[in-house]
Amino acid sequence: MKLSQQHHNDQNTRQGSVLLLVLIVVMLLSFSLYSFSELMLVQYEATRSSLTHLQLRQLAESGIVASSDLLKIRSDSERPNVASNPDRFRHVQVTTVDDSAAMYSVLSELPDRDKKPVFGLSDESSRLNINGLSLKPEDRAAERQRLARLPQMTEYIADAILDWMDSDDEPSDYGAESSWYASQYPPYRPRQGRFESLRELLLVRGVTAELLFGEDLNQNGLLDPNEDDGDVRSPSDNADGRLQAGWSDFLTIHSAESTYAPDGSRKLNVNTSELAKLYDDLETKFDRETAGFVVALRMNGRAEDSSTNQQLDEEARRQERLSSARRRVAEQLGSGDDDNVGLSAMANSDSVSTQRRGGILLSSKPVFRIESLVDLVGGSVRVDIDGVDTLLPSPWGEDAGSVAAALRELSPVLTTTSRTRWQGRINFFEAPYEVLMTVPHMTESLARAIVSARPRPSATSFSTNATTSVGAETSAWLMEQGLLDLQRLRMIAPYVTPRGDVFRGFAVGHIDGVRGRCGIRFLVDATGEEPRIISLQDLPPMPLRVGRDDSPDFTTR
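Residues numbered from 1 in each chain as written. Predicted model: local features only at pLDDT ≥ 70, side-chain atom pairs only at ≥ 80, totals over all residues. Heavy atoms only, no water.

**Q** Looking at this structure, I do not really get the overall build of the chain. What am I missing?
**A** A tally of regular secondary structure across the chain gives 16 helices and 19 strands. Across the 557 residues that make up the chain, the buried fraction comes to 47%. Put simply, of all contacts in the chain between residues at least 6 apart along the chain, 64% involve residues at least 24 apart. Only carbon and sulfur atoms are counted for the fraction: they give 51% of the accessible area of the chain, which is about 28,400 Å². (Helix = DSSP H or I, 4+ residues; strand = E, 2+ residues; numbered from the N terminus. Buried < 20%, exposed > 50% of the residue type's maximum accessible area, 1.4 Å probe, protein only. Contact = heavy atoms within 4.5 Å. Areas by Shrake-Rupley, 256 points an atom, 1.4 Å probe, with all protein chains shown as cover.)

**Q** Explain the nonpolar core to me, please; I cannot follow it from the model alone.
**A** If you look at soluble globular proteins, the nonpolar side chains tend to sit buried side by side. Counting 87 residues, the largest nonpolar core has L147, L201 and L414 as its most contacted members. In contact with L147, not counting residues within four places along its chain, are L128, I130, L133, M153, A158, I161 and L162. The next biggest cluster of nonpolar side chains, apart from the first, holds 22 residues, and it includes L71, L121, F506 and V508. (Core = buried A, V, L, I, M, F, W, Y, C linked by side-chain atoms within 4.5 Å.)

**Q** Explain the environment of V118 here, please?
**A** Looking at where V118 falls in the secondary structure, it is placed in the loop between β2 (100–107) and β3 (122–123). Here V118 falls in the buried class, since its relative accessible area comes to 15%. With 12 residues separating them along the chain, V118 and V106 place their C-alpha atoms 8.5 Å apart.

**Q** I tried to follow a nonpolar patch on the surface on my own but got confused; where do I start?
**A** A grouping of L19, L20, L23, I24, M27 and L28 is seen on the molecular surface, where their side chains present a nonpolar patch of about 600 Å² in accessible area. Of note, L19 is situated in helix α1 (residues 2–70). Classification of L19 by relative accessible area gives exposed; the value is 52%. (Patch = residues over 30% accessible without salt bridge, like charges linked within 9 Å, V, L, I, M, F, W, Y side chains within 5 Å. Salt bridge = Lys/Arg side-chain N within 4 Å of Asp/Glu carboxyl O.)

**Q** Help me out: how do you make sense of unusual backbone geometry in this one?
**A** The bulk of non-glycine residues show a negative phi, and the bulk of peptide bonds are trans. Look at the link from Y185 to P186: it is a cis peptide, with omega at -5°. Along the polypeptide, P186 turns up in the loop between α5 (178–182) and α6 (209–213). A positive phi is found at H91, a non-glycine position, where the angle reads about 50°. Here H91 lies in the loop between α2 (86–89) and β1 (92–97). Even without being a glycine, D386 presents a positive backbone phi close to 50°. With respect to the helices and strands, D386 occurs in the loop between β10 (380–385) and β11 (388–393).

**Q** Sorry, what's going on with the confidence of the model for the chain here?
**A** Interpretation of the predicted coordinates at a detailed level should be avoided for regions scoring low in pLDDT. In this model, the chain carries a mean pLDDT of 81, and residues with pLDDT of at least 70 account for 76%. Averaged pLDDT values for the elements of the chain fall to 37 in helix α10 (residues 338–347) and rise to 97 in strand β4 (residues 128–129). Counted against residues more than four places away or in other chains, residues 308–313, with its pLDDT under 50, gives 10 contacts. Ignoring residues within four places in sequence, the model shows residues 327–353, a span with pLDDT below 50, making 17 contacts including any to other chains. (pLDDT = per-residue confidence, 0-100.)

**Q** Explanation requested: the side chain of D525 in the structure shown.
**A** Its location among the elements puts D525 in strand β17 (residues 516–525). Under the relative-accessibility criterion, D525 is labelled buried at 2%. Reaching out from D525, the side chain makes a polar contact with the side chain of T527 at a distance of 2.6 Å. When neighbours within four sequence positions are excluded, D525 is seen to be in contact with R421, D501, V502, E530, P531, R532 and I534. (Polar contact = N/O pair within 3.5 Å; in protein donor to acceptor, adjacent residues only side chain to side chain.)

**Q** Sorry, what's going on with the packing of helix α3 (residues 140–148) against helix α4 (residues 155–165) here?
**A** Describing two packed helices takes the angle between their axes plus the distance from one axis to the other. The geometry of α3 relative to α4 is characterised by a closest axis approach of 9 Å and an angle of 120° between their N-to-C directions. With respect to α4, the element α3 is oriented oblique. Regarding α3 and α4, the two cross each other, and that crossing is right-handed. Residues R140, E143, R144, Q145, L147 and A148 of α3 lie in contact with α4, whose contacting residues are E155, A158, D159, I161, L162 and D163. When its residues are assigned to classes, the contact of α3 with α4 shows five nonpolar, one polar and six charged. (Axes fitted to C-alpha atoms, helices over the stretch in contact; angles between N-to-C directions. Parallel < 35°, antiparallel > 145°, perpendicular 65-115°, else oblique. Left-handed = near helix turned anticlockwise from the far one by under 90°. Nonpolar A, V, L, I, M, F, W, Y, C, P; charged D, E, K, R; others polar.)

**Q** What am I meant to see in the pairing of strand β18 (residues 532–538) here?
**A** Regular strands have side chains that alternate between both faces of the sheet. In terms of strand pairing, β17 meets β18 through six bridges, oriented antiparallel. Each residue of the ladder has a partner; that of V524, found in β18, is I533. As consecutive antiparallel partners, β17 and β18 are separated by six residues. (Pairing = 2+ DSSP bridges.)

**Q** Looking at this structure, how should I read α4?
**A** Given 3.6 residues per helical turn, the α-helix brings residues three or four places apart onto the same face. Counting buried positions along α4 gives nine out of 11 residues, so the element sits mostly inside the fold. For α4, the complete set of buried residues consists of I157, A158, D159, A160, I161, L162, D163, W164 and M165. Structurally, α4 contributes buried residues whose contacts are with α3, α5 and α6.

**Q** Before we go on, may I ask you to explain the pattern of salt bridges in this structure?
**A** Where charged atoms from two side chains of opposite charge approach closely, those side chains can pair. This model, assessed by the stated rule, comprises 24 salt bridges. A salt bridge links D375 to R302, with the nearest nitrogen and oxygen atoms 3.8 Å apart. One end of the pair, D375, is in the loop between β9 (360–361) and β10; the other, R302, is in the loop between α8 (288–300) and α9 (306–333), and 73 residues separate them in sequence. Take D375: its relative accessible area is 5%, and that puts it in the buried class. Several salt bridges converge on common partners, so that one network encompasses R140, R144, D159, D163, D166 and D173.

**Q** What's the story with the packing of helix α7 (residues 275–285) against α8 in this structure? I'm lost.
**A** Interhelical geometry of α7 versus α8 gives an angle of 150° and a closest axis separation of 7 Å. Taken together, the axis directions place α7 and α8 in an arrangement best described as roughly antiparallel. With respect to the hand of their crossing, α7 and α8 are arranged in right-handed fashion. In this structure, α7 contributes L275, L278, Y279, L282 and E283 to the contact, and α8 contributes R288, A291, G292, V294, V295, R298 and M299. Grouping the amino acids of the contact of α7 with α8 by side-chain chemistry returns eight nonpolar, one polar and three charged.

**Q** How should the pairing of β1 be read in this particular structure?
**A** Taken together, the five bridges between β1 and β2 define a ladder with antiparallel strand orientation. The residue bridging T96 from the neighbouring strand is A101, located in β2.

In structure tokens:
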């Protein structure tokens, strides 16, 4: 009986052990299945998140492409306003995702907590282009003073910036060249060429990250909590609730204007040395009166500008004596003898018959440079027409309305440079006060008056009518607002523009009902035959109020 009972107990023990083992196996399998399910859910969410981010980024890229396509329109009368245009840049639907509207928006700048977003593009010409500064020795003092008018800029840093770019190795009055950079640890050499990026300024003697980027050391374009707490956390800031981005807000290396006409052809350069061709082109584009005035101005300068004429008189007299001598040689060699025909052509390749236009002998070398198209407006010029000393008045009047009409007529056709792109002029419609102060002949009162008088973009509405939009304005706007007379406008006009052709923006992809946003900072250069994207930068996660529900949201990664 004892053996039977013991056998029975052993059998029960084995059965219990098997049951326990089965339970352990089931538990392990259940845990494995649960872990696998959790892993699959995580993978699913990650894949879904990646897919959503990819969709959002493609939407943002659509905004960049759409912006580039809009900039293909060169004509001011046809291109819609791009500074603030919600119809073109706000909540533009591209497609649907799961029955939800998938859209892009384009912002001219990232909004802060006190500023509503402005939907549009920012003109890069609203900044001072350091690559557009003159490096000629005779211009050094003036360009140094332009830079020195920026906040916290000194003459020592300004000269060092110019020395970094110039080709010689001789330090200017306050600058630094190779000898100074060779003494640093580690030693390096200045570029002795134009800047390739704005960050390159950090290599220039005296330039620090605090000066270049201000409170925005992480360069995300937003006022982060540590950038608005005084000296509690780095960087040091003034805790005023506004982001001070240092010189990066005021400087650029990309701004430029196109010298292509709206039809894609090159504009006529009024400063060409080929006066006969210039006359012919102007007569074709405009009329004989315009052609005669422009070439006469190139030859002799304005009659009422006594200071200019004093400088030009000696050169003009020398050129006239040379022309008279060449005419006498041509007459002597061109006596009708066939053997002398070739000699006559060799002695005077630019013969009187081929170089006389509208009764004006164009054999003299032009001695007056047209600094801006405003120089063509108003005043008069003295010139010899068929042997008669004649005073030619400008085809355009001097009042503000006439100046505006003239510039609207001339700007699409004429330019003052032979280059395909023109760097350095500042957009007076968008430039902040600090940048306006770098314009030669600018005063504090005028800069403040310009800022106060110019139209302010709205976040929700802006006229897209080309006759009233900023894009259709000219520098005559400064006269129309009563800020300048024609004489002062001539002084400032070579340095300002109503519109450049390089733009920056922030393209944001967003989908209704999706919390994520994807933002891309971009630059588009529209100075060439076709716009090209020259810079793309993915934005880090940040609050962006651009959805149709206007709720705070964040970019995805």
